[in-house]
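The lines below spell out each chain.
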Amino acid sequence: MIATGAATFKQTAGTISSSSGANGVQVSGGAGGVVLNSTAGASITGGLNGLTASATGAGTVTGTLNGDITGTAAGDGLHVTAATGGVNLTTGGTIKGGATGDGIDIQSAGGVKLTANGKVSGDPAIVIVDNSAVGIATDVAGGADALLDAIKLTENGAGPITLDIKSAVQGESDDNGTGNGATILGNTGTITATITAAGSIDGTSQNGIDATLVGTTGAGDKIIVVNDGAIGSGGNKVDASGIFLKITGVGSAGNINVSGSGTVDAAGVAIFANNDGSGDININYSGGLSAGLGILAVSTG
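These remarks concern the structure in this document. In this text, all values refer to a predicted model and were calculated from it rather than measured experimentally.

### Notes on the side chain of Ser38
At step 1: Take Ser38: it is sitting in strand E4 (residues 34–38).
At step 2: Its relative accessible area of 8% is what places Ser38 among the buried residues.
At step 3: Within polar-contact distance, the side chain of Ser38 engages the backbone nitrogen of Gly67 at 2.9 Å.
At step 4: Beyond its immediate sequence surroundings of up to four residues, Ser38 is in contact with Gln11, Thr64, Leu65, Asn66 and Gly67.

### Observations concerning the side chain of Ser43
At step 1: Here Ser43 lies in strand E5 (residues 43–45).
At step 2: Within the structure, Ser43 has its side chain in polar contact with the side chain of Thr15 (distance 3.2 Å).
At step 3: For Ser43, the residues in contact, after removing those within four places along its chain, are Gln11, Gly14, Thr15, Ile16 and Asp68.

### Let's talk about the environment of Gly103
At step 1: On the secondary structure map, Gly103 appears in the loop between strand E11 (95–96) and strand E12 (104–108).
At step 2: Separated by 179 residues in sequence, Gly103 and Asn282 place their C-alpha atoms 35 Å apart.

### Brief notes about the pattern of salt bridges
At step 1: Using the criterion set out here, one finds three salt bridges in the structure.
At step 2: Among the ionic pairs, Lys166 bridges to Asp139, the shortest N-O distance being 2.8 Å. One end of the pair, Lys166, is in the loop between strand E19 (161–165) and strand E20 (168–170); the other, Asp139, is in strand E16 (residues 136–140), with 27 residues separating them in the sequence.
At step 3: Given the relative accessible area of 15%, Asp139 is considered buried.
At step 4: The shortest N-O distance in the salt bridge between Lys237 and Asp265 comes to 3.8 Å. Of the two residues, Lys237 sits in the loop between strand E26 (230–231) and strand E27 (243–247) while Asp265 sits in strand E29 (residues 263–275), which places them 28 residues apart along the sequence.
At step 5: For Lys237, a relative accessible area of 29% translates into the label partly exposed.
At step 6: Judged by its relative accessible area of 11%, Asp265 is buried.

### Brief notes about the nonpolar core
Side chains of nonpolar character tend, in soluble globular proteins, to be buried together.
At step 1: With 64 residues, the main nonpolar core has Leu36, Val61, Ile151, Ile209, Ile223 and Leu245 as its most contacted residues.
At step 2: Examining the composition of this core, we find that five residues originate from one element, E29, more than from any other.
At step 3: Leave out the neighbours within four places in its chain, and Leu36 touches Phe9, Val27, Leu51, Ala53, Val61, Thr62, Gly63, Thr64, Leu65 and Leu89.

### Thoughts on the sheet that holds strand E30 (residues 281–285)
At step 1: What the 11 strands build is an open sheet, ordered E1-E4-E7-E10-E13-E16-E19-E22-E25-E28-E30; its pairing is parallel. The sheet is open, and its two edges are formed by strand E1 (7–11) and E30, each paired on a single side. Each strand axis lies, on average, 5° off the axis of its neighbour in the sheet, ignoring direction.

### Some words on the pairing of E16
At step 1: For E16, a buried count of four out of five residues is recorded, marking the element as mostly surrounded by other parts of the structure.
At step 2: Pairing geometry for strand E13 (residues 112–116) and E16, over five bridges, is parallel. By the bridge assignment for E16, Leu114 is matched with Thr138.
At step 3: Where E16 lies against E19, five bridges are found, and the strand directions are parallel. Directly across from Thr138, in E19, lies its bridge partner Leu163.

### Overview of unusual backbone geometry
At step 1: In this structure, Pro124 follows Asp123 across a cis peptide bond, with omega equal to -5°.
At step 2: Note on placement: Pro124 falls in the loop between strand E14 (120–121) and strand E15 (126–130).
At step 3: Non-glycine residue Ala73 carries a positive phi angle of around 55°.
At step 4: Among the structural elements, Ala73 can be located in the loop between strand E8 (68–70) and strand E9 (78–82).

### A few points about the environment of Asn117
At step 1: Take Asn117: it is sitting in the loop between E13 and E14.
At step 2: The exposure class of Asn117 is partly exposed, given its relative accessible area of 43%.
At step 3: Each C-alpha atom, one on Asn117 and one on Ser167, is 9.3 Å from the other, the two residues being 50 residues apart in sequence.
At step 4: Apart from residues lying up to four places away in sequence, Asn117 is in contact with Thr90, Thr91, Gly92, Ala141 and Gly142.

The rules we used
Residues numbered from 1 in each chain as written. Predicted model: local features only at pLDDT ≥ 70, side-chain atom pairs only at ≥ 80, totals over all residues. Heavy atoms only, no water. Helix = DSSP H or I, 4+ residues; strand = E, 2+ residues; numbered from the N terminus. Buried < 20%, exposed > 50% of the residue type's maximum accessible area, 1.4 Å probe, protein only. Polar contact = N/O pair within 3.5 Å; in protein donor to acceptor, adjacent residues only side chain to side chain. Contact = heavy atoms within 4.5 Å. Salt bridge = Lys/Arg side-chain N within 4 Å of Asp/Glu carboxyl O. Core = buried A, V, L, I, M, F, W, Y, C linked by side-chain atoms within 4.5 Å. Pairing = 2+ DSSP bridges. Axes fitted to C-alpha atoms, helices over the stretch in contact; angles between N-to-C directions.

Below you can see the structure in the form of structure tokens.
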């Protein structure tokens, strides 16, 4: 489907499949945007990407996808690109990338809001790259697993990044030292990562939460991590750090703030925080920490 204005895709039942090298469904829209909807029980299997959607200009990619979506080989399960209109999607079905593809891959210049209520698998499972002041908001409630990073969020603009993990997340499922539970890279906006009591990051991951700000930030709390769930376990510790946080901008004034009542089991450091700017490092943690070193806080500004 190709349209210069709005483009709408709706699947209420049945199976869609495509030949090798071809996308299962491809939807393109202009300033009117793209609307995607599928019903539980429906499915798409692509010979490359399962579902590809793109919007140009101020067009927004929106919708609710409750059907299953599968990519093949290097294809992604769900592949989305948007310009300044951004992306606002909810998924409820199982989404799988191909053998070397991503589960969900979103590229935007207008912000991204993703609520993943179904399980997502791929390498990585969820990849989002944005370049705007709107930022990224991601809610992972249905689980995510990958051979590499389970979740990888990158904001190249000034926007904030918010990640809520409300389910089981497994990075580096083959335990070979190549992936984190969640890797978050921001510029000057705030990073907020929360693991709820229902959330967890499996011990196969290298780091549980790995978050870095590379730009020059203003004052206030700029990296905020709350863990009320579990990172690693007694019998399966994460390979390096449970929580690994850095502000690298030497001119930054932002703080790092870590709190929570959840457990962290790590072979290396349970909580590591490094601030190269002039801001503070505040760790107010009530949960259990089991690691080679419990807490390491380094301020060089």
